[in-house]
Amino acid sequence: MKPKTYHGVVVPMVTPVTQDGRLDTEAVCRIVNFFAENQVSPLLMGTTGEGNSVSQADGQLFVDTAVKAASGRILVYAGLTGNCFSEQVRQAEVYTALGADVIVATLPTYYALTEEQMYDYYKTLADCITGPLMLYNILATTHMSIPVDVVRRLADHPNIVGLKDSERDLERMEQCIALARGREDFSYFCGWAAQSACSLELGGDGIVPSTGNYVPDMFRQLYDAAISGNMETAYRLQHETDEIARIYQKGRTLGQSLAALKVMLQTKGLCEPWMLMPLTRLSAGDEETVRSSVLSV
């Protein structure tokens, strides 16, 4: 079966900013070019990209800059977060008009939602926007899980093209992959990086690894190996990328790990390690520890 329209490696890109919190457009271009050279696509303003902290104006500038830098070489996925529905629709339409290929939306997070409210939110959003919509399930930050049955119902919507699932639940992963398998109009992307190879072996369509910001080439090789049936190579690369992930993740909160990841990207000249409030840079000592760990790998 030929690959679906939405497949492959999609990296949840960091949001590079200057010391005063402005979007660093030169760094955006460097990172997007780095991704394009390695044939992976960016997901802008996801969790790794501090999406909830990016202003509407900078979100639009981010998408515009990334689309121009990509220049048609790779798809651009634009993350959508927030609690005001009308503003989300407006922002999604701006992103699409600027050239974003897919809108990727998390649930609104202020109120705990019923299953029917989750379904109505995504259905209404898909009805209201022009561009294709991908569901984004991430229990760790929204504190809600989109039930598999709700995903199944939403998969039949003509404007909903897939699910990016970051929940750490193997049984759920298998169920969602089974749901998408055999469908040409709905894709499953694994957002649990440590299960990238496993998800592809089970029939997943794509992976969304944050460590891909630093080693996009390794995840592209992992994906290609898994798709060709070379699981020995895929699992070897899984182990190697897991070790790299530990450099910025082990012993840190999610926010601290994102700051450490930017330090790693700084060693490649891709961006500076400034963060958007409420997140902050690591201490000078912690940053030096990260740099030393990178050099020792």
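Residues numbered from 1 in each chain as written. Predicted model: local features only at pLDDT ≥ 70, side-chain atom pairs only at ≥ 80, totals over all residues. Heavy atoms only, no water.

**Some points on the packing of helix 1 (residues 25-37) against helix 2 (residues 56-70)**
To keep things clear, this is the line we draw: Axis definition: a line fit to C-alpha positions, over the contact stretch in the case of helices; interaxial angles, taken between N-to-C directions, run 0 to 180 degrees. Helix and strand assignments come from DSSP, with helices taken as H or I runs of at least 4 residues and strands as E runs of at least 2, each series counted from the N terminus. Our angle categories are set so that under 35 degrees counts as roughly parallel, over 145 as roughly antiparallel, 65 to 115 as roughly perpendicular, and the remainder as oblique. Crossing handedness is defined as follows: a turn of the near helix away from the far one that is anticlockwise and smaller than a right angle gives a left-handed crossing, while the clockwise case is right-handed. Note on definitions: a residue-residue contact is assigned when non-hydrogen atoms from the two residues lie within 4.5 Å. As a working rule, the residues Ala, Val, Leu, Ile, Met, Phe, Trp, Tyr, Cys and Pro are called nonpolar, Asp, Glu, Lys and Arg charged, and the rest polar, with Gly in that last group.
At a minimum axis distance of 9 Å, the contact between helix 1 and helix 2 shows a crossing angle of 40°. Of the possible angle classes, the one that applies to helix 1 and helix 2 is oblique. When the axes of helix 1 and helix 2 are compared, the crossing they make is right-handed. Residue-level contacts link Thr25, Val28, Cys29, Val32 and Asn33 of helix 1 to Leu61, Phe62, Thr65, Ala66, Ala69 and Ala70 of helix 2. Grouping the constituent residues of the contact of helix 1 with helix 2 by class yields 8 nonpolar, 3 polar and no charged.

**Observations concerning the nonpolar core**
Where we set the bar: Note on terminology: a nonpolar core comprises buried Ala, Val, Leu, Ile, Met, Phe, Trp, Tyr and Cys residues joined through side-chain atoms within 4.5 Å. Using a 1.4 Å probe on the protein chains alone, a residue whose accessible area is under 20% of its type maximum counts as buried, one over 50% counts as exposed, and one in between counts as partly exposed.
Ranked by size, the top nonpolar core spans 94 residues in total, and within it Tyr122 and Leu133 carry the most contacts. Within the second largest apolar cluster, 12 residues are counted, among which are Val10, Tyr77, Tyr136 and Val208.

**A short note on the pattern of salt bridges**
Selection criterion: Just to be clear on terms, a salt bridge is a Lys or Arg side-chain nitrogen sitting within 4 Å of an Asp or Glu carboxyl oxygen.
Scanning the model with the defined rule gives 17 salt bridges in all. A salt bridge links Glu116 to Arg153; its shortest N-O distance comes to 3.2 Å. Taken as a pair, Glu116 in helix 4 (residues 115-128) and Arg153 in helix 6 (residues 148-154) lie far apart in primary sequence, 37 residues in all. Owing to a relative accessible area of 36%, Arg153 belongs among the partly exposed residues under this scheme. Each of Arg281, Glu287, Glu288 and Arg291 takes part in one network of salt bridges that share partners.

**Focus on the side chain of Gln238**
Convention followed: In protein, a polar contact means a hydrogen-donor-capable atom and an acceptor-capable atom, both N or O and within 3.5 Å, with residues adjacent in sequence counting only if both atoms are side-chain atoms; elsewhere, any N or O pair within 3.5 Å suffices.
Along the chain, Gln238 turns up in helix 10 (residues 231-249). Only 3.1 Å separates the side chain of Gln238 from the backbone nitrogen of Ser196, close enough to count as a polar contact. If we skip the residues at most four places from it in the chain, Gln238 touches Ala193, Ala194, Gln195, Ser196, Ala197 and Leu222.

**Let's talk about helix 3 (residues 85-98)**
The test is simple: For a helix, the expected span equals 1.5 Å multiplied by the residue count minus one. Note: the arc covers the axis-to-C-beta directions of the helix.
Helix length check: helix 3 (14 residues) gives 20 Å between terminal C-alpha atoms against 20 Å at 1.5 Å per residue, within 8%. Taken residue by residue, helix 3 has Gln88, Val89, Gln91, Ala92 and Tyr95 as its buried positions. Down the axis, helix 3 shows its buried residues gathered within 170° of arc, on one side only. Of the surrounding secondary structure, the elements contacted by the buried residues of helix 3 are helix 2, strand 3 (77-80), strand 4 (102-105) and helix 4. Just downstream of helix 3 lies Gly99, where phi reads positive at about 115°.

**Thoughts on helix 10**
Since one α-helical turn is 3.6 residues long, residues separated by three or four positions face the same way. Counted at 1.5 Å a residue, the expected span for helix 10 with its 19 residues is 27 Å, and the 25 Å between its end C-alpha atoms agrees. Those residues of helix 10 lying buried are Met231, Ala234, Leu237, Gln238, Thr241, Ile244, Ala245, Ile247 and Tyr248. For helix 10, the buried positions fall inside an angular range of 165° around the axis, keeping them on one side. Buried residues in helix 10 make contact with helix 8 (196-201), helix 9 (216-227), helix 11 (254-266) and helix 12 (284-296).

**Brief notes about the environment of Arg172**
Tracing the backbone shows Arg172 in helix 7 (residues 170-180). C-alpha separation for the pair Arg172 and Pro147, spaced 25 residues apart in sequence, amounts to 9.0 Å. If we ignore the near neighbours within four places in the chain, the residues touching Arg172 are Asn137, Ser145, Ile146, Pro147, Val148, Val151, Asp165 and Glu167. At 2.7 Å, the side chain of Arg172 and the backbone oxygen of Ile146 are in polar contact.

**Looking at the sheet that holds strand 5 (residues 133-137)**
Note the cut-off: When DSSP finds two or more bridges between two strands, those strands count as paired.
Read around the barrel, 8 strands follow the order 1-2-3-4-5-6-7-8 and close on themselves; strand pairing throughout is parallel. Relative to strand 8 (residues 206-207), strand 7 (residues 187-190) is paired through 2 bridges, and the arrangement is parallel. Looking at the pairing, Phe189 lines up with Gly206 of strand 8. Against the sheet, helix 7 touches strand 5, strand 6 (160-165) and strand 7, its axis set at about 150° to strand 7.

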